Amino acid sequence: MAEQERDLTPLSPLGTGRKRSGPVRAQRPVYVDLLPPCNAGCPAGENIQAWLALAKAGDTHGAWHQLTQDNPFPAIHGRVCYHPCETVCNRGLMDGSVSIHAVERHLGDTAIAEGWSYAEPRMSTGKHVLVVGAGPSGLSAAYHLTRLGHRVTVRDNSQLPGGMMRYGIPAYRLPRDVIDAEIDRLRRYGVAFEQNHTVTDLQEEMTGFDAAFVAVGAHLSKRVDIPNGDASRVLDAVSFLRDVEEGERSAITGRVAVYGGGNTAMDAARVARRLGADDTIIVYRRTREQMPAHEEEAADAEEEGIRINWLRTISEMGEDDLTVEIQELDENGRPQPTGRFEKLEADTVILALGQESDTGFLKNIAGLTFDGDVVQVDPVTLMTGAPGIFAGGDAVPSERTVTVGVGHGKKAANAIDAYLGGGKFLPAHKHPVADMDKLHLWYFGDHGRRQQGELDPSARAEVFTEVVAGLTSEEARYEAGRCLSCGNCFECDGCLGSCPDDAIIKLGKGHRYRFDYSKCTGCGTCFRQCPVHAIEMIGEHDRLPGNVFLAPGQEA
């Protein structure tokens, strides 16, 4: 009895300050926020879980605004991003990952149809930033810098902005009206574009600017000499795709061999087929498992009748054929020549062996260092060795994708903002990731993933019409509703209903709950039933973890 009558002022700073009576707690629950795997896996830094929750609630406009705080181009990304977020989605271990890219595309397409605009930028800082390159990284930096209140001018050497999104990704994957609509919104936001402007001396160009972000894409193709190759019959993939986009190549005839195993090789082969090639084959020196192209790209190409010859290298080019050498993998998985050869019929060869960035115009700037064609930068701030000059996208060491480039643009914009303000950019602390083994999935039933429609392969191989369709409003809302809300409270009332001591107080929609520690006995029932691990049990005297959720009126 004496034990129960002790004066127990709550030791937790989350407590009410009232005295309570009851058994001594050895542990206590706290509400926490964990990092969802999708958010952790997004190179663009999107708060995916937050905008999915709004989409699930039917707030399409709010979801789009939440999304565009991090990524200004959801209609583009919903089509061309290879969605690493879905690869790590916990729901994938149940009945299929959430189709995040399809919901993102739906939000982007709806915004275009409705004419939505970005949130108003901050008050002008009076600073002016030069962005070199109008590809995904440069455009992303321009957006975020404008949002932060800076004036931005983009200078680019092409006729139209978009970079490799426009000149490297075919229209059947990314329609040009989608690119135009999302860039036009950026133009209305206040970003100035100067096209057909080749920057040859960055220091001279920076006159009148307070900082610069270099985001030149990888537009230079790597080449290889093919013995006896007729130069007129050997094309490089980047120039080939660009010529098609600019209308300078309306047809291609005969049999085409594409040399390479990346996404550009798949695109070049599929475009050649659409332009009239009688037969298209891809020659690649490694295996399917080792190819840099995404599996879905290779599968789409094969569905359209394109053949892929694995473990082959081109050794010689004849008048109407190729001599290829068969490769075999050694004990380390590397292809090795065998001395065995075979013939492949081919009238044209398209080289897709990788690209390099055109960074030669930077070589005379003091402080900049290079590794081949890429600029070395601080991995946190993306600033080069020259103060005030930042770089990102294909111009720096990284995976060369649209989404990585957009993430670089956001990171660089925040670092430039800190630099212009006389400070140093410090990235936000990240919470622990909510892995599958942390979840209590009794709450969730099986609900299969909605699939996007596609054009029939026999029909699409001859046209540049978009291959993949979008979701309807109902399908997008359903798909968003499949999100497990990993690691973050979604107000299911499970803790409220399960607490045997009435120690949980509901604070109203959007404000979640708080614990009344004068009643809580630390039994852990709330923790065990929480489906998403938004409750953690800690020792009564333990210091609060850094990811504790503080309800209104509470102080850490």
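Relevant structure appears above.
All of the points below concern the structure found in this document. (Residues numbered from 1 in each chain as written. Predicted model: local features only at pLDDT ≥ 70, side-chain atom pairs only at ≥ 80, totals over all residues. Heavy atoms only, no water.)

When its secondary structure is counted, the protein shows 18 helices and 21 strands. Each of the three principal axes of the protein carries a C-alpha extent, and together these read 100 × 55 × 50 Å. Among the 556 residues that make up the protein, the fraction classed as buried is 53%. By sequence separation, contacts in the protein at least 24 residues apart represent 71% of the contacts at least 6 residues apart. Accessible area of the protein: about 24300 Å², with a carbon and sulfur share of 48%. (Helix = DSSP H or I, 4+ residues; strand = E, 2+ residues; numbered from the N terminus. Buried < 20%, exposed > 50% of the residue type's maximum accessible area, 1.4 Å probe, protein only. Contact = heavy atoms within 4.5 Å. Areas by Shrake-Rupley, 256 points an atom, 1.4 Å probe, with all protein chains shown as cover.)

Burial analysis of strand 9 (residues 279–283) places four of its five residues in the buried class, the great majority of the element. Sheet topology note: the strand 8 (residues 255–259)/strand 9 ladder contains five bridges and is parallel. When the bridges of strand 9 are listed, Tyr-259 appears paired with Val-283. For the segment spanning strand 8, helix 12 (residues 263–274) and strand 9, crossover handedness is right-handed. Across three bridges, strand 9 lies against strand 10 (residues 307–309) in parallel orientation. Opposite Ile-282, over in strand 10, you have Ile-308 as the bridge partner. (Pairing = 2+ DSSP bridges. Right-handed = clockwise from strand over helix to strand, strands pointing away.)

All right, on to unusual backbone geometry then. Most peptide bonds take the trans form, and the phi angle of most residues other than glycine is negative. Of note, the phi angle at Leu-382 is positive, near 65°, even though the residue is not glycine. Summarising the element assignment, Leu-382 is placed in the loop between strand 17 (374–375) and strand 18 (389–391). Note on Leu-382: relative accessible area 4%, which makes it buried. With a phi angle near 50°, Asp-502 is a residue other than glycine that sits in the positive phi range. Structurally, Asp-502 can be placed in the loop between helix 17 (494–498) and strand 19 (504–506).

Counted under the stated rule, the structure contains 36 salt bridges. The residue Arg-155 makes a salt bridge to Glu-194 at a minimum N-O spacing of 2.8 Å. With Arg-155 in strand 3 (residues 151–155) and Glu-194 in strand 4 (residues 192–194), the pair connects residues that are 39 residues apart, well separated along the chain. Residue classification places Glu-194 among the partly exposed residues on the basis of a relative accessible area of 31%. For the salt bridge of Arg-173 with Glu-297, the shortest nitrogen-to-oxygen distance reads 3.6 Å. Placement of Arg-173 in the loop between helix 8 (164–167) and helix 9 (176–188) and of Glu-297 in helix 13 (residues 295–303) is noted, with a sequence separation of 124 residues between them. Assigned by exposure class, Arg-173 and Glu-297 land together as buried. Salt bridges here are not isolated pairs; linked through shared partners, they connect Arg-173, Asp-267, Arg-270, Arg-274, Glu-297, Asp-300, Glu-303, Glu-304, Glu-454 and Arg-460. (Salt bridge = Lys/Arg side-chain N within 4 Å of Asp/Glu carboxyl O.)

Here the focus is the packing of aromatic side chains. Scanning the model with the defined rule gives 11 aromatic pairs in all. Between Tyr-31 and Tyr-513, the ring centres sit 6.0 Å apart and the planes meet at 25°, which makes this aromatic pair stacked. You can see Tyr-31 sitting in strand 1 (residues 27–31) and its partner Tyr-513 sitting in strand 20 (residues 513–515), a full 482 residues away along the chain. Following the ring pairs from residue to residue traces out a cluster consisting of Trp-64, Trp-116, Tyr-118, Tyr-143 and Tyr-189. The ring of Tyr-167 is capped by Arg-242, whose NZ or CZ atom sits 4.0 Å from the centre of that ring. Above the ring of Tyr-172, the side-chain terminus of Arg-274 is found at 3.9 Å from the ring centroid. (Phe/Tyr/Trp six-rings, centres within 6.5 Å; stacked < 30°, edge-to-face > 60°. Lys NZ or Arg CZ within 6 Å of the ring centre and 35° of its normal.)

Turning to the sheet that holds strand 2 (residues 128–132), a few remarks are in order. The strands that make up a sheet are held in pairs by hydrogen bonds between backbone atoms, and each pair lies either parallel or antiparallel. Taking strand neighbours across the sheet as the criterion, the five strands line up as 4-3-2-5-18 in an open arrangement whose pairing is parallel. Pairing within the sheet leaves two strands with one partner each, and these edge strands are strand 4 and strand 18. With direction set aside, neighbouring strand axes in the sheet form an average angle of 20°. By the bridge criterion, four bridges tie strand 2 to strand 5 (residues 211–214) in an arrangement that is parallel. For Val-131, the partnering residue across the bridge sits in strand 5 and is Phe-213. Seen against the sheet, helix 14 (residues 402–420) touches strand 2, strand 5 and strand 18 and runs at an angle of roughly 165° to strand 5. (Axes fitted to C-alpha atoms, helices over the stretch in contact; angles between N-to-C directions.)

A word on the packing of helix 11 (residues 237–245) against helix 12. Between helix 11 and helix 12, the least distance of the axes is 10 Å, while the angle of their chain directions is 45°. Considering their axes alone, helix 11 and helix 12 lie oblique with respect to each other. For the crossing formed where helix 11 meets helix 12, the hand is left-handed. Seen from helix 11, the contacting residues are Ala-237, Phe-240, Leu-241 and Val-244; seen from helix 12, they are Thr-264, Asp-267, Ala-268, Val-271 and Ala-272. Class assignment for the residues of the contact of helix 11 with helix 12 results in seven nonpolar, one polar and one charged. (Parallel < 35°, antiparallel > 145°, perpendicular 65-115°, else oblique. Left-handed = near helix turned anticlockwise from the far one by under 90°. Nonpolar A, V, L, I, M, F, W, Y, C, P; charged D, E, K, R; others polar.)

Quick look at the pairing of strand 14 (residues 348–351) now. Two faces belong to every sheet, and in a regular strand the side chains alternate between them. Here strand 14 shows a buried face lined by Thr-348 and Ile-350 and a second buried face lined by Val-349 and Leu-351. By the bridge criterion, three bridges tie strand 7 (residues 234–236) to strand 14 in an arrangement that is parallel. Bridge pairing links Val-234 to Val-349 in strand 14.

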